[in-house]
Amino acid sequence: MLAQTLPENEALRMAPYGRSGVVTVDPRNRSAGALGDAERARLSAAMERYSAGDDRAFGELYEGLAPRLYGFLLRQTRSAARADDVLQQTFLKMHAARGRFVPGADVVPWAFAIARRLVIDASRRGRREVLEGGDGGPSPWDEVASVDAAADDLVQAQSVADALRRELATLPEAQRVAFELVKQEGLSVAEAAEVLGTTVAAVKLRAHRAYVTLRHALGYTKREGGDA
Amino acid sequence: MNQPPDELRARLEAAIAKRPSATRASYAKRRALVVLAAAALALGLVALTGGVHHGGRTPLLLWGVVGGWALVVAGAASVALGRRSMIGPPTAVLAGLAAGLAPVLLGWFVLVHEVIAPPALPEPSLSLAAHVGCLVMTVALSFGPVVAFAILRRGSDATHPRATGAVLGGLAGGIGSVLIDVHCPVGELGHVALGHVVPVALLVAVGALFGRRLFGVRG
């Protein structure tokens with residue numbers, strides 16, 4: 001079991017977002033890197049403009065979506081090369097379907113749903129070896145350890161990140177993806193439900209089960225400490 | 001944030017420049033053309049085979065059944081396709097719609113006949129050929145909507161293409177069943193079930209079978 005010096009919620013939220021590392025995780029947020037309503041609206045408006053034929057809006061879409069999708073894809077594929085490939089395909093699919101974009105729709109869950117489907121297809125086509133083995137490229141989990149953090153924090157963060165990665169990999173796929181979308185990608189529960197084609201209640205349940213499993217696996221219990 | 005490599009954006013922009021895609025305006029034109037063609041095909045087929053047949057049905061009975069079926073199909077279409085979303089309702093909702101469409105249509109038929117026209121005399125039983133003829137005709141009338149859905153929604157579903165396929169098959173079948181009921185005056189429950197409603201269930205199954213291939217986002 002890991003030492004319980006990090007607050008539980010912070011440890012479980014630790015995700016490969018800011019290059020400044022775990023110290024940037026804001027415990028007030030729903031999750032690290034969570035998308036604000038204004039950001040969602042801005043991205044959806046950009047998609048609407050792109051759908052209407054404004055090609056310049058693509059840049060705004062790319063800048064807003066690509067880093068989030070890339071983080072998600074790195075976690076799903078554990079391969080920088082595969083993540084690059086699927087990210088490119090995701091944007092190409094969005095480009096091909098831009099005329100069908102429904103005004104008022106949220107572009108974020110749609111983009112994640114496409115990316116997730118492409119990852120699943122890739123794995124079904126026998127690319128498991130890449131998905132499971134990785135290609136030695138940068139791992140999103142590596143960024144959990146910050147260059148700014150103190151040495152003890154670095155070791156601690158790396159240790160928690162390794163354990164979290166291991167435990168996440170053992171979760172049922174439905175729970176793992178629900179947890180990742182809500183806790184790590186910053187999607188709302190409703191958006192995650194859209195991405196997964198299920199109900200809000202089902203996503204809440206799956207994410208909660210994953211959370212409880214991870215909490216136990218990481219050694220956070222009500223008796224032992226943390227803020228559980 | 002995990003920043004993707006800088007060259008990826010350049011590569012993507014180059015790929016996009018090589019593959020122009022339909023904008024909303026051009027897609028809307030295309031959709032209107034496809035819908036018009038599908039409607040013309042289906043209505044043309046009804047007209048070619050004799051148009052509206054009242055048979056022994058009163059107008060209230062005919063339009064009570066047809067109007068109710070049309071409302072059921074329109075309601076299902078509204079739930080399945082009417083959301084302001086690129087993904088649509090949850091898989092379970094789509095599956096429920098697909099599974100429930102044929103029974104609801106048959107239930108409405110029975111209800112209208114019970115309320116408006118309780119059968120006074122049993123109708124003569126029809127041959128298997130008559131049932132199959134109507135079944136084939138219903139599928140033929142659904143062909144236009146099936147093709148329209150296949151064109152307009154091809155490769156668009158990233159989350160639940162099978163369920164979407166099943167619902168779209170059911171909606172196309174539902175349109176076919178509405179049209180066949182305008183055309184075929186037989187009110188025997190067994191015939192309506194086999195010739196008018198079973199095709200809806202068949203198209204639901206076909207839609208589910210080919211949904212992933214037709215409507216799924218594929219890498």
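In the block above lies the structure referred to throughout.
All of these numbers come straight from a predicted model, not from anything done at the bench.

**Quick look at the packing of helix 8 (residues 173-184) of chain A against helix 9 (residues 189-196) of chain A**
All names here are of chain A.
So, step 1. Packing of helix 8 against helix 9 brings their axes to within 9 Å, and their N-to-C directions diverge by 140 degrees. Judged by the angle between their axes, helix 8 and helix 9 are oblique. Once helix 8 is placed against helix 9, the crossing between them reads as right-handed. Residue-level inspection shows V177, A178, L181 and V182 of helix 8 in contact with helix 9, the latter providing V189, A192, V195 and L196.
So, step 2. Residue composition of the contact of helix 8 with helix 9, by class: 8 nonpolar, no polar and no charged.

**Quick word on the interface of chain B and chain A**
So, step 1. Contact residues are listed per partner, giving 37 residues for chain B and 53 residues for chain A.
So, step 2. When the two sides are added together, the surface that chain B and chain A hide from each other amounts to roughly 4100 Å², 57% of it contributed by carbon and sulfur.
So, step 3. Summed over the shared surface of chain B and chain A, the result is 1 salt bridge.
So, step 4. Linking chain B with chain A are 13 residue pairs in polar contact (both at pLDDT 80 or more).
So, step 5. At the level of secondary structure, the elements contributing two or more residues to the side of chain B that touches chain A comprise helix 1 (6-18) and helix 2 (24-48) of chain B.
So, step 6. The element contributing the most residues to the side of chain B that touches chain A is helix 1 of chain B, with 7 residues.

What counts, and at which threshold
Along each chain, residue indices are assigned from 1 in the same order as the chain's sequence is written. Both sets of labels track the order of writing: A upward for chains, 1 upward for ligands. Per-residue local features are limited, in this predicted model, to residues with pLDDT of at least 70; the limit for side-chain atom pairs, both in listing and counting, is 80 or more; totals at the level of whole chains, interfaces and linings are taken over all residues. The side-chain values count all of the structure's non-hydrogen atoms but skip hydrogen atoms and water molecules. To obtain each axis, a line is fitted to C-alpha atoms, and for helices this fit is confined to the stretch in contact; angles are then taken between N-to-C directions over 0 to 180 degrees. Where helices and strands are cited, they refer to DSSP runs of H or I of at least four residues and of E of at least two residues respectively, numbered from the N terminus. Working rule for angles: under 35 degrees goes down as roughly parallel, over 145 as roughly antiparallel, 65 to 115 as roughly perpendicular, anything else as oblique. Should the near helix be turned anticlockwise from the far one by less than a right angle, the crossing is left-handed, and should it be turned clockwise, the crossing is right-handed. Residue contacts are counted whenever heavy atoms from the two residues lie within 4.5 Å of one another. Polar here means any residue outside two lists: the nonpolar Ala, Val, Leu, Ile, Met, Phe, Trp, Tyr, Cys and Pro, and the charged Asp, Glu, Lys and Arg; Gly therefore counts as polar. Accessible area that two parts lose when put together, evaluated with a 1.4 Å probe and summed over both, is termed the buried area. Every case where a carboxyl oxygen of Asp or Glu lies within 4 Å of a side-chain nitrogen of Lys or Arg is listed as a salt bridge. Here a polar contact means two N or O atoms within 3.5 Å. Within protein one must be a hydrogen donor candidate and the other an acceptor candidate, and residues neighboring in sequence count only if both atoms are side-chain atoms.

All we've got here are geometric facts, nothing functional implied.
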